[in-house]
Amino acid sequence: MGQLDFIRDLAKYGLENDQDKLLTVLNDLIEHSKKTRKINFALQLQSILKEAIRQQQTAGLVAVGSQKHILREEDREVNEFIIEKLTSDYKLNNLVCSDQVRSELTYFIKEHNSLEILGRFDLPISNKVLFYGPSGCGKTLAAYVLAGELEKLMIVVNLGAIVSSKLGETSKNLAKVFRKAATEECIIFIDEFDSLGKVRDYSQDHGEMKRVVNTILQLFDYLPKDSIIIAATNQIDMIDDALLRRFDLTLELNLPTERQIKELISKTLRSGIFTFDNKKEADKLTKLCAGLSYYTIQRTLLTAIKRSLIEMGQNLHVLSAKIDTKIWRILVEKEKQERQ
Ligand SMILES: Nc1ncnc2c1ncn2[C@@H]1O[C@H](COP(=O)(O)OP(=O)(O)OP(=O)(O)O)[C@@H](O)[C@H]1O
Ligand SMILES: [Mg+2]
């Protein structure tokens, strides 16, 4: 069956309200998409299907009308705490990092691809990762890489909305989000994990922070082994020690070394489609980039590429371009000055 046949059957059974056949076709389409390597599409369909089944079960199980209302309300609330549900095409080779970080990430990915054998020996699975380091050095990117490599759906949690000034609310909100995520076999990505520290400022009561930390620890313990938590922060000192210890893998993504700057530049140049007009000057500028983040370096280079192309004029037949290093120098120097 081709994709059009699936669409025809979905439309037919959907309009006929034939739930059983609709579900069969949907499941067949998910399998078909996996086989034809449309993994992201398959994951999205799977998530829609699970969500629908869960809602039906809730509606069926809870007979009392008012309780049903409460559950629906909770669903709505939880959705406010979730920024996005997404799939990712990023792979390890998109991330420039130290050999040690690469090797740890590789083992983590292999571990999650070997759950069956590890489970047979009852070995614990690492499923809590913390990325830390300065802004623009790949923490969010690394989370996308894990989602892409493991072909898992990723739920991005809005910690800002979860942390509440109301006593007791933060723990409750966290529990709701984790409960939802546990039904999905997914990656939960908590960016700006240090926002939890705000609980301390909101409340003079020491107990509140303890309560939040305890809730998270409990939620960590009950996490299904095929779910993964990824947290990211650029202020690791703000995070409670008791929490830090519970991560299975804590990786620092730091400012790039000279070798890493070169690797980033060569990836950004897209295997020779873009080249520098002056190799010696480009080498000097590469050295000048020391101290800037991956993000900033990449942005200056992409801007220089765009401006060089614009300067070249509108010849649509060109398939490659020379980067004007004078333009790049101005951009890099400006960034360096701003950081002094
Ligand atoms: N280590 C890296 N390797 C390759 N590209 C990178 C790396 N770090 C950053 N980049 C580039 O910069 C962009 C922004 O990086 P990212 O969002 O991952 O930074 P971050 O560490 O999460 O920063 P922040 O703390 O501000 O959230 C990435 O999408 C990518 O294009
Ligand atoms: Mg980030």
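Residues numbered from 1 in each chain as written. Chains lettered and ligands numbered in written order. Predicted model: local features only at pLDDT ≥ 70, side-chain atom pairs only at ≥ 80, totals over all residues.

Glancing now at the overall build of the protein chain. Summing up its helical and strand segments, the protein chain has 16 helices and 8 strands in all. Contacts in the protein chain between residues at least 24 apart in sequence constitute 77% of all its contacts with a sequence separation of at least 6. (Helix = DSSP H or I, 4+ residues; strand = E, 2+ residues; numbered from the N terminus. Contact = placed C-beta atoms within 7 Å.)

Across the chain, the bulk of peptide bonds are trans and the bulk of non-glycine residues have phi less than zero. Look at arginine 37: it is not a glycine, yet its phi comes out positive at around 65°. Looking at the secondary structure, you find arginine 37 in the loop between helix H2 (19-35) and helix H3 (39-61). One non-glycine residue with positive phi stands out, namely glutamate 151, at about 50°. Look at glutamate 151 and you get partly exposed, because 14 C-beta atoms sit within 10 Å. (Buried ≥ 20, exposed ≤ 12 C-beta atoms within 10 Å, placed from the backbone.)

What follows deals with the nonpolar core. In terms of nonpolar packing, the biggest core is built from 66 residues, with Phe131, Ala143, Met154, Val157, Ile187, Phe189 and Ile230 touching the most fellow members. The leading source of residues in this core is helix H7 (residues 139-150), at 6 residues. When residues are assigned to domains, this core turns out to be shared by domain 1 (86-252) and domain 2 (258-338), each giving three or more. (Core = buried A, V, L, I, M, F, W, Y, C linked by C-beta atoms within 7 Å. Domains from an automatic or database assignment.)

Attention shifts here to the site of ligand 1. Within the structure, ligand 1 sits among 15 residues, and Ser135, Gly138, Thr140, Leu141 and Tyr294 are positioned closest to it. Taken together, the residues of the shell around ligand 1 sort by class into 8 nonpolar, 6 polar and 1 charged. Composition of the shell around ligand 1 by domain shows at least three residues from each of domain 1 (86-252) and domain 2 (258-338). (Near = placed C-beta within 6 Å. Nonpolar A, V, L, I, M, F, W, Y, C, P; charged D, E, K, R; others polar.)

The next point concerns the sheet that holds strand E4 (residues 187-190). Taken in spatial order, the 6 strands line up as E1-E3-E4-E5-E2-E6 in an open sheet, and their pairing is mixed. Edge strands, defined here as strands with exactly one partner in the open sheet, are strand E1 (82-86) and strand E6 (249-252). Sheet twist, expressed as the average angle between the axes of neighbouring strands with direction ignored, equals 20°. Pairing geometry for strand E2 (residues 128-132) and strand E5 (residues 228-233), over 5 bridges, is parallel. Paired with lysine 128 across the two strands is isoleucine 229, which belongs to E5. (Pairing = 2+ DSSP bridges. Axes fitted to C-alpha atoms, helices over the stretch in contact; angles between N-to-C directions.)

So, on to helix H13 (residues 258-268). Buried within H13 we find Ile261, Leu264 and Ile265. Seen from one end, H13 has its buried residues packed into an arc of 100°, which puts them on one side. What points out from H13, more than 90 degrees from its buried face, is the exposed set Arg259 and Ser266. Where H13 ends, the next residue or the one after it, arginine 270, has phi of about 50°, a positive value. (Arc of directions from axis to C-beta.)

What follows covers the packing of helix H15 (residues 294-312) against helix H16 (residues 325-338). One can describe the packing of H15 onto H16 by two numbers: an axis separation of 9 Å at closest approach and a directional angle of 150°. When the axis of H15 is compared with that of H16, the two are roughly antiparallel. With respect to the hand of their crossing, H15 and H16 are arranged in right-handed fashion. Residue-level inspection shows Thr296, Thr300, Leu301, Thr303, Ala304, Arg307 and Ser308 of H15 in contact with H16, the latter providing Ile327, Trp328, Leu331, Val332 and Glu335. Here the contact of H15 with H16 is composed, by residue class, of 6 nonpolar, 4 polar and 2 charged. (Parallel < 35°, antiparallel > 145°, perpendicular 65-115°, else oblique. Left-handed = near helix turned anticlockwise from the far one by under 90°.)

Moving on to the pairing of E2. Of all the 5 residues making up E2, 4 are buried; the element is thus mostly covered by neighbouring parts of the structure. Taken together, the 4 bridges between E2 and E6 define a ladder with parallel strand orientation. Bridged to phenylalanine 131 within E6 is leucine 251.

The contact between H13 and H15 brings their axes to 10 Å, and the two run at 40°. With respect to H15, the axis of H13 lies oblique. For the pair H13 and H15, the crossing hand works out as right-handed. Along its contact with H13, which presents Ile261, Leu264, Ile265 and Thr268, the element H15 presents Tyr294, Ile297, Gln298, Leu301 and Leu302. Here the residues of the contact of H13 with H15 sort into 7 nonpolar, 2 polar and no charged.

All right, on to H15 then. Its 19 residues give H15 an end-to-end C-alpha distance of 27 Å, which sits within 8% of 27 Å, the value for a rise of 1.5 Å per residue. Within H15, burial applies to Tyr294, Thr296, Ile297, Thr300, Leu301, Ala304, Ile305 and Ser308. Along its buried surface, H15 packs onto H13, strand E7 (274-276), strand E8 (321-323) and H16. Glycine 313 occupies a position one or two residues after H15 and carries a positive phi of about 100°. (Expected span 1.5 Å × (residues − 1).)

Time to look at the confidence of the model for the protein chain. Considering every residue of the protein chain, the mean pLDDT works out to 85; 88% of them sit at 70 or more. Predicted confidence for residues 60-71 stays below pLDDT 50, and this span has 5 contacts to residues more than four positions away or in other chains. (pLDDT = per-residue confidence, 0-100.)

With that out of the way, let us pick up the environment of leucine 269. Within the element layout of this structure, leucine 269 appears in the loop between H13 and E7. Sequence separation between leucine 269 and alanine 321 is 52 residues, and the spatial gap between their C-alpha atoms is 9.9 Å. Residues in contact with leucine 269, not counting those within four places in the same chain, are Phe274 and Thr275.

Moving on: the pairing of E5. Within E5, 6 of the 6 residues are buried, which leaves the element mostly enclosed by the surrounding structure. Burial along E5 is two-sided: Ile228, Ile230 and Ala232 facing one way and Ile229, Ala231 and Thr233 facing the other are all buried. Strand direction decides the pairing type here: E4 and E5, joined by 4 bridges, are parallel. Residue pairing for E5: isoleucine 187 is matched across the bridge by isoleucine 228.

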